[in-house]
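Fold and contact review
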Amino acid sequence: EVPEGWRSAPLGDWVTALSGGTPSKADSSLWGGDVPWISPKVMTSIHADQADEFVTPQAVGNGTRLAPARSTLVMVRGMGLHEGVRVSQARGEVTFNQDVKAFVPKNIEPSLLLFALLDGQGTLLAQVESSGHGTGKLPSEILLGLPVVMPPLELQRNLSLHLDVLNDRIAS
């Protein structure tokens, strides 16, 4: 049930979805910078702060894209997707590969988005498909169609004050 005054809508109504990519490894001017490049293998906790590869600012728009701080990242392709849907929040600006979608909040507080997607992991896992050689795939239409129930924005802001404290404690 949806509480009175709250709204149930597909995830796509709450966010702007961004697709990632991989800059050309043959172009050394795109790699070795200071911008974190996130792949599912580093999305092992609630925050995607630790990258194992970094790109230069020139890579943004040239094979990959930038997700703003407090975006929520979701693994959408990979062998491990059959075991679990990885969800992490970018605490700072990051770039990301094609196996990840970034969700930039537009009508939802960032912490509420993160916890809503963490809560939806089981629902999403049940909808993972197989594509070639056993690789898991979470189609965008399924992900963006995930029902998300949220209170009005003012109540979201009040709730996020508490969730932000919790989120910061987890990060530290």
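Below you will find a few notes about this structure.

With that settled, consider helix H5 (residues 153-171). At Ser-160, H5 is bent by approximately 30°, the largest bend along its length. On its buried face, H5 is in contact with helix H1 (11-14), strand S8 (87-89), helix H2 (110-119) and strand S13 (147-150).

This part takes up the environment of Leu-112. Along the polypeptide, Leu-112 turns up in helix H2. Setting aside anything within four residues of it in sequence, one finds Leu-112 in contact with Met-150, Gln-156, Leu-159, Ser-160 and Leu-163.

Moving on to the sheet that holds strand S5 (residues 66-67). Strand order in the open sheet made by the 4 strands is S4-S3-S9-S5, with mixed pairing throughout. Unpaired on one side and paired on the other, strand S4 (53-55) and S5 mark the two borders of the sheet. Bridge analysis of strand S3 (residues 31-38) against S4 gives 4 bridges, and the strand direction is antiparallel. The residue of S4 that forms the bridge with Val-35 is Val-55.

Considering all chains together, one arrives at 1 aromatic pair under this definition. When the centroid spacing of 5.1 Å and the interplanar angle of 80° are considered together, the rings of Trp-31 and Trp-37 count as edge-to-face. By the burial criterion, Trp-31 is buried, and Trp-37 matches it. Over the ring of Trp-14 we find Arg-7, and its NZ or CZ is 4.6 Å from the ring centre. Looking at Lys-25, its charged tip hangs above the ring of Trp-31, at a distance of 4.0 Å from the centre.

This next bit is on the nonpolar core. Residues Leu-11, Val-85, Phe-103, Ile-108, Leu-117, Leu-138 and Leu-143 are the most contacted members of the largest nonpolar core, which totals 25 residues. The set of elements that each furnish at least two residues to this core consists of H1, strand S6 (72-75), H2 and S13. With residues up to four places along the chain from it excluded, the contact list for Leu-143 reads Leu-11, Val-74, Val-76, Phe-103, Leu-124 and Leu-138. Core analysis: the next-biggest nonpolar cluster, separate from the first, contains 14 residues, Leu-18, Val-42, Phe-96 and Ala-102 among them.

One open sheet holds the 3 strands; their spatial order is S7-S12-S11, and the pairing between them is antiparallel. Edge positions in the open sheet fall to strand S7 (77-78) and strand S11 (129-131), since each of these has one partner strand only. Here 3 bridges tie S11 to strand S12 (residues 135-137), and the two strands are oriented antiparallel to one another. For Ser-131, the partnering residue across the bridge sits in S12 and is Thr-135.

Here is what the cut-offs are and how they apply
Once a new chain begins, its residue numbering starts again from 1 and follows that chain's sequence as written. It should be noted that, the model being predicted, local features are given only for residues of pLDDT at least 70 and side-chain atom pairs only at 80 or more, the latter also being counted only at that level, while totals for whole chains, interfaces and linings use all residues. Heavy atoms throughout the structure, all of them, feed into the side-chain values; hydrogens and water do not. Fitting axes to the seven residues ending at a residue and to the seven starting there, one defines the bend at that residue as the angle between these axes. Only DSSP runs of H or I covering at least 4 residues are called helices, and only runs of E covering at least 2 are called strands; the numbering of each starts at the N terminus. By the convention used here, residues are in contact when the closest approach between their heavy atoms is within 4.5 Å. Following DSSP output, two strands are said to pair if at least two bridges run between them. Here a pair means two rings of Phe, Tyr or Trp (six-membered ring of Trp) with centres within 6.5 Å. Their orientation is stacked below 30 degrees between planes, edge-to-face above 60, and tilted elsewhere. Buried, partly exposed and exposed residues are distinguished by accessible area as a fraction of the type maximum, computed with a 1.4 Å probe on protein chains only: under 20%, between the cut-offs, and over 50%, respectively. Geometrically, a lysine NZ or arginine CZ counts as sitting over a ring once it is within 6 Å of the ring centre and also within 35 degrees of the ring normal. By nonpolar core we mean a set of buried residues, namely Ala, Val, Leu, Ile, Met, Phe, Trp, Tyr and Cys, connected to one another through side-chain atoms within 4.5 Å.

Interpretation note: all reported values are geometric properties and have no functional meaning in isolation.
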